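Observations on the model geometry
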Amino acid sequence: MKVGIIDYGMGNLFSVASALETIGADIKICQNPETLKEVDKIILPGVGAFKDCIDTLTQSGFKEALNIEVLKAGKPIYGICLGMQIMARGSTEFGSHKGLGWIEGDVVPMRPKSDALRVPHVGWNDVKYKPDSYLFSDLPNSPDFYFVHSFHLQCDYSHDVESTCDYGGKVTAAIKKDNIFATQFHPEKSQDYGLKMLANFLSWKP
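The following refers to the structure shown. (Residues numbered from 1 in each chain as written. Predicted model: local features only at pLDDT ≥ 70, side-chain atom pairs only at ≥ 80, totals over all residues. Heavy atoms only, no water.)

What to know about the sheet that holds strand β9 (residues 144–149)
Rules: Here a strand pair is declared whenever DSSP counts at least two bridges between the two strands. By definition, any uninterrupted DSSP run of H or I lasting at least four residues is a helix, any uninterrupted run of E lasting at least two residues is a strand, and each is numbered from the N terminus. Every axis in this analysis is a line fitted to C-alpha atoms, fitted for helices over the stretch in contact. Angles between the N-to-C directions lie between 0 and 180 degrees. By definition in these notes, contact holds between two residues if any of their heavy atoms fall within 4.5 Å.
Spatially, the nine strands line up as an open sheet ordered β2-β1-β3-β4-β13-β12-β11-β8-β9, and their pairing is mixed. Only two strands of the sheet have a single partner each, and these edge strands are β2 (26–30) and β9. Here the strands of the sheet are splayed against their neighbours by 30° on average, with no regard to which way each runs. Bridge count for strand β4 (residues 77–80) against strand β13 (residues 180–183) is four bridges, and the pairing is parallel. Within β13, the residue paired with Y78 across the bridge is F181. Packing of helix α3 (residues 62–72) onto the sheet brings it into contact with β1 (2–6), β2, β3 (41–44), β4 and β13, and relative to β3 it is tilted by some 140°. Lying over the sheet, helix α5 (residues 191–203) contacts β1, β3, β4, β8 (121–129), β9 and β13, oriented at roughly 145° with respect to β3.

Encoded structure:
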C-alpha cells in the first residue's frame, strides 16, 4: 500500500513524511495531480491561510484530482490542520471563501469564553472521541495532541464530528465522513499518540 502526501507548497511536508516513515509507511510525495492515481491513500497537510490553500489547490489541478480520487474512487484521505478546514463548505478567514465542500460546516474564528485563553490556540490539549472510533483505536480515553490554529470548523451535523477538545468552549478536533478523515491537531507533532493515529489511518478500511 502506497500513501501519497500532497505537496502543494502549504504543508508541513517533511515532518509528516518523517512520521509516516517512522511507522514503516511506503510514501510518495505527490507534486502533481496525476500522481494521485498511483497511491492507495492520501494525506493532505496544510499550514497557512484558507484562501491561499484553496486557490493553490484549484490552480494546480489538485482540487479536481482530489474530487475524482476521494469522492469517486473512494480512496481514504487524512487532512491535517488546514487540510481539514479546507474540506468544509467555506471559511470566513480574511473574507468569505468556498472550500472543497466535502463536509457540511464552516470555518470560523476561535472565540474562547475565557479571556485567559489566547488565540491562536497553540499547544497540547486532550480530546474526547467517539467510543467506537477506529481511528482512535488503542489510545487512552483522553489522549493529548498538539494544536496550532486560530480558526476552527463548526460542523452542521454531529455525526461528522469524530472528536472534540475544550478551549473555552467545544472545538472540533477531528471529523470523519465515509472515506474522509481529518484532524485539527498535528499527528506528526504529537509524539506516540500521533504516530498511533497515523498507523490507524494506514490500516483503516472505510
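Once the structure has been displayed, the description carries forward.
Focus: the sheet that holds strand β6 (residues 97–98)
In a beta sheet, neighbouring strands pair by backbone hydrogen bonds and run either parallel or antiparallel. The four strands lie next to each other as β6-β5-β7-β10, forming an open sheet whose pairing is mixed. Looking at strand neighbours, the two that pair on one side only are β6 and β10 (151–155), the edges of this open sheet. Of the strand pairs in this sheet, strand β5 (residues 88–91) and β6 are connected by two bridges, and their pairing is antiparallel. Pairing of S91 across the sheet is with H97, part of β6.

Notes on the pairing of strand β12 (residues 170–177)
Direction of pairing for strand β11 (residues 161–166) relative to β12: antiparallel, over a ladder of five bridges. Each bridged residue has a counterpart across the sheet, and for S163 the counterpart in β12 is A174. Note that β12 and β13 share four bridges and pair antiparallel. For K177, the partnering residue across the bridge sits in β13 and is I180. If you look at the hairpin formed by β12 and β13, you'll find two residues sitting between the two strands, and D178 has a positive phi there, around 55°.

Everything listed here is a matter of geometry and, on its own, says nothing about what the molecule does.
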